[in-house]
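Descriptive structure summary
If you want the building blocks of each chain, they are given just below.
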Amino acid sequence: MAGNGSQFATSRVEPLPAVVPAARIHDRSAIQIPAGLKGRIPLGQRVLRIGVGGDELEPVSVRAPAGGVLGVLGGPSSGKSSFLRLLPKVNPEAGPWLMPEQDAEPGAYWSGVLRQATTGGLERNSVALVDDADLLPQEVNRDLADLNTLGSTVVMTAGYSPILAQRVPLALQARNLGCGILIAPRTFMDGDLFGVRFEADPNPPPGRSVLIQNGRATAVQLGWVP
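Since this is a predicted model, take the numbers as computed values, not measurements. (Residues numbered from 1 in each chain as written. Predicted model: local features only at pLDDT ≥ 70, side-chain atom pairs only at ≥ 80, totals over all residues. Heavy atoms only, no water.)

What about the pattern of salt bridges?
Going through the model one piece at a time under the given rule, you end up with three salt bridges. The salt bridge involving Glu93 is made with Arg49; its shortest N-O contact spans 3.4 Å. Placement of Glu93 in the loop between α2 (80–90) and β5 (97–98) and of Arg49 in strand β2 (residues 46–53) is noted, with a sequence separation of 44 residues between them. Glu93 gets classed as partly exposed once you look at its relative accessible area, which sits at 40%. Here Arg49 falls in the buried class, since its relative accessible area comes to 4%. (Salt bridge = Lys/Arg side-chain N within 4 Å of Asp/Glu carboxyl O. Helix = DSSP H or I, 4+ residues; strand = E, 2+ residues; numbered from the N terminus. Buried < 20%, exposed > 50% of the residue type's maximum accessible area, 1.4 Å probe, protein only.)

Written out as structure tokens, the structure reads:
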């Protein structure tokens, strides 16, 4: 309305950057849990920094409750492995982190971790970082489901697929969590696992993602680890 401009606050609106170094996220995230959420987050629930977003390009976080499964979906070479490397870098306090070395055999690694968990030798606060869960053998996925049942939090990546929940048992748990991350989604159906559809960017830059949380889809630029 004319003459009442003083009633309206203005804010800086910046486009999402094409690259966000991991150090930038960590430096701008002095606290892990926003003050407004303290006291309302159950004990043992993590808030993981993942990138920047919003009008002010503030750090963006996603909740990862103890014993939950956070699903991260993306196409080939979209940056799913880079995202898993990012998490320990910008959330060092949220571990211990479990992830096989690059040249390690995933089946042997996860079966060994499951044995530790079964015998009580694994910290219940551990977070398993599982890359390309949809490409792992069925027995490995069973071990991972058992590990999650024993209380370990899991962050799993997988490709977009309408039958993902049938192929990967952990995908059902990721759906039940109600939040997830879509890396460079190409079609409005890529969010179906989480019950959300949206207008996709046909040519997203590397690391451009959609965070699904509380029934909302938010554009995020994920942090980057060289």
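On we go.
Quick notes on the packing of aromatic side chains
What the rule picks out here adds up to one aromatic pair. Ring centres of Tyr109 and Trp110 lie 4.8 Å apart, and the angle between their planes is 80°; on these two criteria the pair is classed as edge-to-face. For Trp110, a relative accessible area of 2% puts it in the buried group. (Phe/Tyr/Trp six-rings, centres within 6.5 Å; stacked < 30°, edge-to-face > 60°.)

Details of helix α4 (residues 138–149)
The end-to-end C-alpha distance of α4, which contains 12 residues, comes to 17 Å, matching closely the 16 Å that a straight helix rising 1.5 Å per residue would cover. Buried residues of α4: Val140, Asn141, Asp143, Leu144, Ala145, Leu147 and Asn148, and no others. Where α4 is buried, its residues touch β4 (69–74), α3 (106–118), β6 (127–130), β7 (153–158) and α6 (169–177). Of the residues flanking the end of α4, it is Gly151, one or two places downstream, whose phi is positive at about 115°. (Expected span 1.5 Å × (residues − 1). Contact = heavy atoms within 4.5 Å.)

Describing the side chain of Ser126
With respect to the element layout, Ser126 can be found in the loop between α3 and β6. Exposure remark for Ser126: the relative accessible area of 1% places this residue in the buried category. At 2.7 Å, the side chain of Ser126 and the backbone oxygen of Glu123 are in polar contact. Ser126 has contacts with Arg46, Pro96, Leu98, Ser152 and Thr153, leaving out every residue within four places of it along the chain. (Polar contact = N/O pair within 3.5 Å; in protein donor to acceptor, adjacent residues only side chain to side chain.)

A look at the pairing of β4
The buried count for β4 comes to six of six residues, which makes it a mostly enclosed element. Side-chain alternation along β4 places Val69, Gly71 and Leu73 on one buried face and Leu70, Val72 and Gly74 on a second face that is also buried. In this structure, β4 lies alongside β7, joined through five bridges in parallel fashion. Across the sheet, the residue bridging to Leu73 is Ala158, located in β7. Sheet topology places β4 next to strand β8 (residues 180–183); four bridges connect them, and they run parallel. Counted as the bridge partner of Gly74 is Ile183 from β8. (Pairing = 2+ DSSP bridges.)

Quick notes on the nonpolar core
Counting 31 residues, the largest nonpolar core has Trp110, Val130, Leu147 and Met156 as the members making the most contacts within it. Among the elements that line this core, the one with the most residues is α3, at four residues. Other than its neighbours up to four places away in sequence, Val130 contacts Leu84, Trp110, Leu136, Leu144, Val154, Val155, Met156 and Thr157. Listed in part, the 25 residues of the second largest apolar core include Val90, Cys179, Ile181 and Val225. (Core = buried A, V, L, I, M, F, W, Y, C linked by side-chain atoms within 4.5 Å.)

Some details on the confidence of the model for the protein chain
Mean pLDDT for the protein chain: 83, with 80% of residues reaching 70 or above. Segment residues 1–14 is flagged for pLDDT under 50; beyond a separation of four residues in sequence, or across chains, it makes eight contacts in the model. This stretch, residues 29–43, has a pLDDT under 50; its non-local contacts, to residues over four places away or in other chains, come to 13 contacts. (pLDDT = per-residue confidence, 0-100.)

Considerations on unusual backbone geometry
A cis geometry characterises the amide bond from Gly95 onward to Pro96, with omega recorded as 5°. Among the structural elements, Pro96 can be located in the loop between α2 and β5. Phi is positive for Asp132, which is not a glycine, with a value near 50°. Here Asp132 shows up in the loop between β6 and α4. Residue class for Asp132 comes out partly exposed when judged on its relative accessible area of 24%. In this model, Ala184 sits at a positive phi of 45°, which is unusual for a non-glycine residue. With respect to the helices, strands and loops of the structure, Ala184 is situated in the loop between β8 and β9 (208–213).

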